Amino acid sequence: MSNRGEQSLLKQSTILMFAVSIAGIVTGFISGSQSILFDGFFSLIATFIKVLMLITARLIAKESNHRFQFGFWHLEPMVLLIEGSFLLLIAIYAFLNGVFGIINGGREIELGLVIIYAAVFTVVEFAYFFYVRRRNRKLKSSLIQFDNISWLVDAMLSVGLLISFLVALLLQAQGFGEWAKFVDPLILIVLALTMLPPAFKILGPALRDVLGIAPDTLDDQVRQVMEAAKVEHGFDDYVTYVQKHGRARFIEIHVVLPADYALSSVGQLDALREEISAKLGEPDAARWLTISFTGDKKWIA
């Protein structure tokens, strides 16, 4: 399966995120801002996750082999699970760092530099987020969809930093410099809390796929199609199994035919398969569909 557009966009995203991470880490060290430093390290970890996503996209495009006979689809939710877990751990770390910063009396930072940093990257990250989202309307890649969450999170971090640093600058101007020292650790706490929803948004679907939990929507669709086919063609019984790994859907359908079913040729069974397949939607490289027919219920148990 060719996915060059997906790979190209992931590669571009990886390079840009690495540049953002270096800028954040350098600015954080120079300014003394823990929140900017946190933003830089978040971007660095996001870069490594993007590398994993790029490798996964390349493997998915390959044909199955003797060791991976169903292809490499299972790697996609595993990478997303890693990304969601890292986001959650980073959020916990940032929250604790912010709390200890307040307990220790706050931090002095170079406001001029960090305000410029936050303003520039707010514009850059939001612009790239909307660019990727527009590109993915055509690609329809779940990897890119979840990868783009890191750009949204980074953009929201930059917005939070910009607003908070402007507040700190205003406090200094009004003679409340002692309170301005608490802005940086407070930002860390707020940013940590805002990162929790994106982390769980990624973790939920990825964990379901890794654990092999049947997707309700796909399961309902298959059962509805087979209930209608059972009535229309007089099947005795059927059983269905569905599973999802990333974008890949695995569907197994086993049909029990009555003993007196009028069967003239194997082609008649193939025609039934074609009919059921068409009602399940347009086939693609990510759908694995197996439909078998038997006259004995023991083969569907």
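Residues numbered from 1 in each chain as written. Predicted model: local features only at pLDDT ≥ 70, side-chain atom pairs only at ≥ 80, totals over all residues. Heavy atoms only, no water.

Per an unreviewed UniProt entry, the protein chain goes by the name CDF: cation diffusion facilitator family transporter and belongs to Pseudomonas koreensis. Under the UniProt heading Sequence similarities (unreviewed entry), the note attached to the protein chain is "Belongs to the cation diffusion facilitator (CDF) transporter (TC 2.A.4) family. FieF subfamily." Check the Subcellular location (unreviewed entry) section of the UniProt entry for the protein chain; it says "Membrane". (UniProt positions renumbered as here; feature names shortened; annotations may be inferred.)

**A look at the overall build of the protein chain**
Along the backbone of the protein chain there are 9 helices and 3 strands. Ordered by position from the N terminus, the helices and strands of the protein chain form the series α-α-α-α-α-α-α-α-β-β-α-β. On the principal axes, the C-alpha backbone points of the protein chain span a range of 95 × 35 × 30 Å. Among the 301 residues that make up the protein chain, the fraction classed as buried is 46%. If you sum the accessible surface of the protein chain, you get close to 15,600 Å²; carbon and sulfur atoms cover 65% of it. Counting 26 positive and 28 negative side-chain charges, the protein chain places the averaged centre of each group 5 Å from the other. (Helix = DSSP H or I, 4+ residues; strand = E, 2+ residues; numbered from the N terminus. Buried < 20%, exposed > 50% of the residue type's maximum accessible area, 1.4 Å probe, protein only. Areas by Shrake-Rupley, 256 points an atom, 1.4 Å probe, with all protein chains shown as cover. Lys, Arg positive; Asp, Glu negative; His and termini not counted. Charge placed at Lys NZ, Arg CZ, Asp CG, Glu CD.)

**Some details on the packing of helix 1 (residues 4–31) against helix 2 (residues 34–60)**
Where helix 1 meets helix 2, the axes come as close as 7 Å, and the angle between the chain directions of the two elements is 160 degrees. Judged on the interaxial angle alone, helix 2 and helix 1 are roughly antiparallel. Every pair of crossing elements has a handedness; the one defined by helix 1 and helix 2 is left-handed. Among the residues forming the contact of helix 1 with helix 2, the class breakdown is 15 nonpolar, 10 polar and 4 charged. (Axes fitted to C-alpha atoms, helices over the stretch in contact; angles between N-to-C directions. Parallel < 35°, antiparallel > 145°, perpendicular 65-115°, else oblique. Left-handed = near helix turned anticlockwise from the far one by under 90°. Nonpolar A, V, L, I, M, F, W, Y, C, P; charged D, E, K, R; others polar.)

**Side note on the environment of Thr47**
Locating Thr47 in the fold gives a position in helix 2. The residues contacting Thr47, other than those within four sequence positions of it, are Thr14, Met17, Phe18 and Ser21. (Contact = heavy atoms within 4.5 Å.)

**Remarks on the pairing of strand 2 (residues 248–256)**
Burial runs high along strand 2: 7 of the 9 residues are buried. By the bridge criterion, 9 bridges tie strand 1 (residues 237–245) to strand 2 in an arrangement that is antiparallel. Each bridged residue has a counterpart across the sheet, and for Tyr238 the counterpart in strand 2 is Val255. The loop that links strand 1 with its antiparallel partner strand 2 comprises 2 residues; one of these, Gly246, has a positive phi angle of about 65 degrees. Of the pairings in the sheet, the one linking strand 2 to strand 3 (residues 287–294) comprises 8 bridges and is parallel in character. Residue Val256 lies in a different strand from strand 3, and its bridge partner there is Thr294. (Pairing = 2+ DSSP bridges.)

**What about the packing of aromatic side chains?**
What describes a pair of aromatic rings is the distance from one ring centre to the other and the angle between the planes of the rings. Within the structure shown, the criterion is met by 8 aromatic pairs. For the ring pair Tyr128 and Tyr131, a centre distance of 5.7 Å and an interplane angle of 40 degrees mean the geometry is tilted. Taken together, the residues span about one helical turn, with Tyr128 and Tyr131 both in helix 4 (residues 111–139) at a distance of 3 residues. Given the relative accessible area of 8%, Tyr128 is considered buried. Taken together, the ring pairs connect Phe126, Phe129 and Phe130 into an aromatic cluster. (Phe/Tyr/Trp six-rings, centres within 6.5 Å; stacked < 30°, edge-to-face > 60°.)

**With respect to a nonpolar patch on the surface**
A cluster of nonpolar residues, Val51, Leu52, Ile55, Ile82, Phe86, Leu89, Ile92, Phe95, Leu96, Phe100, Ile103 and Leu193, forms a patch on the protein surface that exposes about 1,100 Å² of accessible area. Those elements that provide at least two residues to the nonpolar patch are helix 2 and helix 3 (75–103). The biggest single contributor to the nonpolar patch is helix 3, with 8 residues. Along the chain, the position of Ile92 falls in helix 3. Residue Ile92 is classed as partly exposed on the basis of its relative accessible area, which comes to 44%. (Patch = residues over 30% accessible without salt bridge, like charges linked within 9 Å, V, L, I, M, F, W, Y side chains within 5 Å. Salt bridge = Lys/Arg side-chain N within 4 Å of Asp/Glu carboxyl O.)

**Points about the pattern of salt bridges**
What the rule picks out here adds up to 8 salt bridges. For Lys50, the salt bridge goes to Asp147, with nearest N and O atoms at 2.6 Å. One end of the pair, Lys50, is in helix 2; the other, Asp147, is in helix 5 (residues 142–173), with 97 residues separating them in the sequence. This pair shows no difference in class: Lys50 is buried, exactly as Asp147 is. Between Glu232 and Lys279 there is a salt bridge, and its shortest N-O distance comes to 3.3 Å. With Glu232 in helix 8 (residues 216–233) and Lys279 in helix 9 (residues 266–279), the pair connects residues that are 47 residues apart, well separated along the chain. Members of the salt-bridge network, linked through shared partners, are Glu232, Glu275 and Lys279.

**A look at empty space enclosed by the protein**
Scanning the model with the defined rule gives 2 cavities of 30 Å³ or more in all. In this structure, the largest cavity spans a volume of roughly 60 Å³. What lines the largest cavity is simply Phe42, Ile45, Ala46, Ile49, Glu83, Phe86, Leu87, Ile90 and Ser150. Within the residue set of the lining of the largest cavity, elements represented by two or more residues are helix 2 and helix 3. When grouped by side-chain class, the residues that make up the lining of the largest cavity number 7 nonpolar, 1 polar and 1 charged. (1 Å grid on protein atoms, 1.4 Å probe; cavity = no way out; pocket = protein on both sides within 12 Å on 5 of 7 lines; lining within 4 Å. Points joined across faces, edges and corners; volume = space filled by probe spheres on them.)

**What to know about the UniProt feature "transmembrane region" (unreviewed entry) in the protein chain**
As recorded in UniProt, the sites labelled "transmembrane region" (unreviewed entry) are residues 12–30, 36–57, 78–103, 109–131, 151–173 and 185–203. Here residues 36–57 runs as 100% helix and 0% strand, with 31 Å between its end C-alpha atoms. Its end C-alpha atoms 27 Å apart, residues 185–203 is made of 100% helix and 0% strand.

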